[in-house]
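Per-entry structural report
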Amino acid sequence: MVLISPGVEVNLQDYSDYTTSASSCIAGIIGTSTKGPSVALVTSVEQFENVFGKPDTKSYGSYAAIEFLKQGNQLYYQRVLKRGEKATSGVEGVDKLLFTAVEEGTASNALKIDVTKNEDDDTVNISIKRDSIELENYKFLSMDPDSTEYVPKKINGSSSLITVQVSATGATSTKVFTLAGGTEGATKATSTPDTEKTKPAVFSTKTVDMTVNGGKVTITNPDTLGYADYTLTDSKGESLERFAGVNIKDSTDPRYIADVLTAYSSYLEVTIPTDANPLNGSYSLAGAKDGASELTTSDYLHRKGPIATFSDANVYPITVLAIPGITDVQVLKAAIDMCEVRQDVMVLCDIPYGMSNSQAIDWTNASGAWSGKHTAFDSYLAAFYGPWANLTDVYNKGRLIPVPATLAVLPRYAYAEKVNGLGSSPAGVNRGRLQNIVSLERQLTPGEADAWYGGRNIINPIMNFGVDGICINGQKTAQRRASALDRVNVVRVVTHVRRQVLQISRQFLFESNHTATYQRWLSVVDPMLEALKNARVITDYVVSMDEEFVTDYDRDNSRLPGKIAIKPTKLVEFIDISLRLDSQTTSYLQN
C-alpha cells in the first residue's frame, strides 16, 4: 500500500531462509500385492497390510515393504499388475495402414477392417465389421497428411473401435485386415446375485482385490423406508466391513448405499440401474485377477508402468529403489536409466537365483555366456547384492522361504541412517547385519567373496559370520571407474546434497540477480554443508557465489551460477594389523 497522507506502514520481508531436515532414506519398492491401488505412500507395517494386504510366498515386494517398515517410515509402494494388450493388424513395411484396437483385451480380436482403395481419386473407404455386421464406416478418406480427410484425422478419436497409423513405407491396397493379439490384463472382482434378478445391482472392487474372490455381499433387514444393513465377508465367511442403516431405495438420501460405499468402503462400489430389482439378498464376488504370475518385461517398461511412474521426483521423493527378485536385464537397466535421469535415487539390484559364483560375475559384466546379450552394468546409482537368502515367514507358520537379497538389504539402508546418520554404510556387523534371515542360498568362501568384490567387479557379498550373524560385506556401487562414486556411502551423501541444494535454490528463482541474493543463498547453503562437516559426513567443502563468480554475461542471460565442492568422508573397508611375537627377553619401553 502506498501512503498518501502522513502515516506509518510496516511491510514484512522474510529473509529467514534455512534448510529443512530431510530424510535420506525414503524408499520406493516395485512389486506385487493381493490388493491395493497402483501406488501409495505407507508409513507402517499395519498400514501396508490394510492397504496392500498380507504377502503371499511369491510377493517379494510385499515382504520387502514389511521388512523395510520395521526400520524406515516412508515407503512408496508401486503395485505391478498384468497389462492387457491391444489387438493389432497390419505389417510394418508391407502395409501403409496399421490398425490398433482402442481398448485392451480380447474383445477386439477378430474385428474385420475392410479397406477399399478408390482408384479414381486415390482415396480409401474403411468399414469395420464383427461377424459380417458393419459397426462403423468411413468413405473417401485421403492419404494426404494436409487433407482434412486424412485417414488418422477422421478415424483417431472418432472411432470407438480402432486407431490407425500411416506407415512411412508399405503400400495401400484393397485388403481385409483382422485384428488379433489382444490379451486380457488385470481385472476387478464383480458380483452375481445368488437369486435370479432381471436387473441386478452390480458390486465391484475399487481396485484389483484378490482378497474378495469367493466373498459375499449381503443386504439384510430392509425396512419400509428402504434402510438395510450391508455386510461384506471374505471366502471364509469372516466379516471385512459392515455398514448399518444404509438406504437401498432413495438416491437422494445422504445414506444412500452407492454414496456410502463410494465415500467409506475400503473394498467396493456399486452400480445400480434406475429400474433395478430390490437390492436385498446376497451377491457372490468373483473375477479378480492380478496376473502376478504372468508378468512380463512390458508390464514394467510401458510408458505408464511402475518405473516410469517413479521418474517424477516432485511427486515421488524417493532416495532408494528396489525391485526385489526381478533380474530381467531390460527392467534393471530401465530402472538404472531412470535413476540417472533423476540423479537423486539409487536402485538396489539382485543377481539371478541359482547362479554360481563365476556365472554371477559374468552376468553383471556381460561376459562369458552373456557376452553380446547385454552390456555390462555400470552406474554409480546402482548397487548389486547376493546371494539370495532364506527368510522366516511369519505369515505362513514360520516356514523358510527363499528371498532375494535386496529384500533384506533395503531395511539396512534405513537402519544405517537411523543409528549413524547420513554418510554411514549399510554394511558390516554393526549396520549390515540382516534381520529375520536364518541362512543363505549358499555360503560364499573368502575367495568367492573376493572375486565378487575385487578388481572392478561390482557384487556386494552377503556372508554368514557365525555368532556375528549374516551380514552385508561390501558397499560398492556398480560404477566401473575407480572414483569416490564407486562407494555407496559417498553416493548417498552426494545425492543428499544435491536434493538439499535443489530445494534451497528453488526459493531463489525470479529473485533479483544481485549481490544481496548471492549472500542470501550462501547464508543458507553454507550452514547446511557446515553441519555435514561437523557430523563427519564430509571432511571439507567450498562454496562459491559472488560478484567475481557471477559474470555480466550470466546476469544478461538471467543465470545465477554457483559452485560447491565437497570432500566426502571415506570409510574403513580393509584392516591390516601386524601382530609380532617376541621372546621373553625383549624389553618394551612404556610411553
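Structure first, text after, so check above.
What you see is a predicted model, and the numbers here were worked out from it, not measured in a lab.

A closer look at the environment of Pro426
In this structure, Pro426 sits in the loop between helix 9 (405–420) and helix 10 (428–431). Counting along the chain gives 15 residues from Pro426 to Pro411, while the straight-line C-alpha distance between them is 8.9 Å. Those residues in contact with Pro426 that sit more than four places away from it in its chain are Arg412, Tyr413, Ala416, Arg431, Gly432, Ile472 and Val488.

A word on the environment of Ala360
Within the element layout of this structure, Ala360 appears in helix 8 (residues 357–365). With a relative accessible area of 0%, Ala360 lands in the buried category. Through-space distance from the C-alpha of Ala360 to that of Arg456 is 14 Å; in sequence the pair is 96 residues apart. Those residues in contact with Ala360, other than ones at most four positions away along the chain, are Ile351, Met355, Trp452 and Ile459.

Topic: the pattern of salt bridges
The tally for this structure, following the rule as stated, stands at 19 salt bridges. We note a salt bridge from Asp486 to Arg456, for which the minimum N-O separation is 3.3 Å. Placement of the pair is Asp486 in the loop between strand 25 (470–472) and helix 12 (488–506) and Arg456 in the loop between helix 11 (446–453) and strand 24 (459–464), with a sequence separation of 30 residues. Asp486 gets classed as buried once you look at its relative accessible area, which sits at 8%. Beyond isolated ion pairs, a larger network of salt bridges with shared partners links Arg456, Asp486 and Arg487.

A short note on the environment of Ile307
Residue placement: Ile307 occurs in helix 6 (residues 306–309). A C-alpha to C-alpha distance of 9.8 Å links Ile307 and Leu321, two positions 14 residues apart in sequence. Dropping the residues within four chain positions of it, Ile307 is found in contact with Ile30, Tyr300, Leu301, Ile323, Val331, Ala334, Ala335 and Met338.

Quick word on a nonpolar patch on the surface
Where nonpolar side chains cluster on the molecular surface, the patch consists of Val572, Ile575 and Ile577 and spans about 390 Å² of accessible area. By the secondary structure assignment, Ile577 is in the segment after strand 27 (563–568).

Here's the deal with the packing of helix 12 against helix 13 (residues 515–534)
Running from amino to carboxyl end, helix 12 crosses helix 13 at an angle of 160°, the nearest separation of the two axes being 10 Å. On the basis of their axis angle, the class for helix 12 and helix 13 is roughly antiparallel. Helix 13 is crossed by helix 12, and the crossing has right-handed handedness. Residues His496, Val497, Gln500, Val501, Ile504 and Ser505 of helix 12 touch helix 13, and the partners they reach there are Trp521, Val524, Val525, Met528, Leu529 and Leu532. In terms of residue class, the contact of helix 12 with helix 13 is built from nine nonpolar, three polar and no charged.

Things to note about unusual backbone geometry
The step from Gly386 to Pro387 runs through a cis peptide bond, and the omega angle for that step is 0°. Structurally, the position occupied by Pro387 is in the loop between strand 20 (382–386) and strand 21 (389–393). Within the chain, Ala110 stands out as a residue other than glycine whose phi angle is a positive 80°. Structurally, the position occupied by Ala110 is in the loop between strand 5 (97–104) and strand 6 (112–118). Phi angles above zero are rare outside glycine, and Arg536 is one such case at about 60°. Topologically, Arg536 is positioned in the loop between helix 13 and strand 26 (538–544).

Points about the nonpolar core
Counting 79 residues, the largest nonpolar core has Leu321, Tyr385 and Tyr413 as the members making the most contacts within it. With sequence-adjacent residues up to four places away left out, Leu321 is seen in contact with Gly28, Ile29, Ile30, Phe310, Ala335, Met338, Val345, Met346, Val347 and Leu348. With 24 residues, the next largest nonpolar core counts Ala201, Ile257, Tyr267 and Val270 among its residues.

Points about helix 13
Helix length check: helix 13, at 20 residues, gives a terminal C-alpha distance of 28 Å against a target of 28 Å (1.5 Å per residue), a fit within 8%. If you check which residues of helix 13 are buried, you get Thr517, Tyr518, Arg520, Trp521, Leu522, Val524, Val525, Met528, Leu529 and Leu532. Packed against the buried residues of helix 13 are helix 12, strand 26, helix 14 (552–556) and strand 27.

About the cut-offs
- Residues numbered from 1 in each chain as written.
- Predicted model: local features only at pLDDT ≥ 70, side-chain atom pairs only at ≥ 80, totals over all residues.
- Heavy atoms only, no water.
- Helix = DSSP H or I, 4+ residues; strand = E, 2+ residues; numbered from the N terminus.
- Contact = heavy atoms within 4.5 Å.
- Buried < 20%, exposed > 50% of the residue type's maximum accessible area, 1.4 Å probe, protein only.
- Salt bridge = Lys/Arg side-chain N within 4 Å of Asp/Glu carboxyl O.
- Patch = residues over 30% accessible without salt bridge, like charges linked within 9 Å, V, L, I, M, F, W, Y side chains within 5 Å.
- Areas by Shrake-Rupley, 256 points an atom, 1.4 Å probe, with all protein chains shown as cover.
- Axes fitted to C-alpha atoms, helices over the stretch in contact; angles between N-to-C directions.
- Parallel < 35°, antiparallel > 145°, perpendicular 65-115°, else oblique.
- Left-handed = near helix turned anticlockwise from the far one by under 90°.
- Nonpolar A, V, L, I, M, F, W, Y, C, P; charged D, E, K, R; others polar.
- Core = buried A, V, L, I, M, F, W, Y, C linked by side-chain atoms within 4.5 Å.
- Expected span 1.5 Å × (residues − 1).

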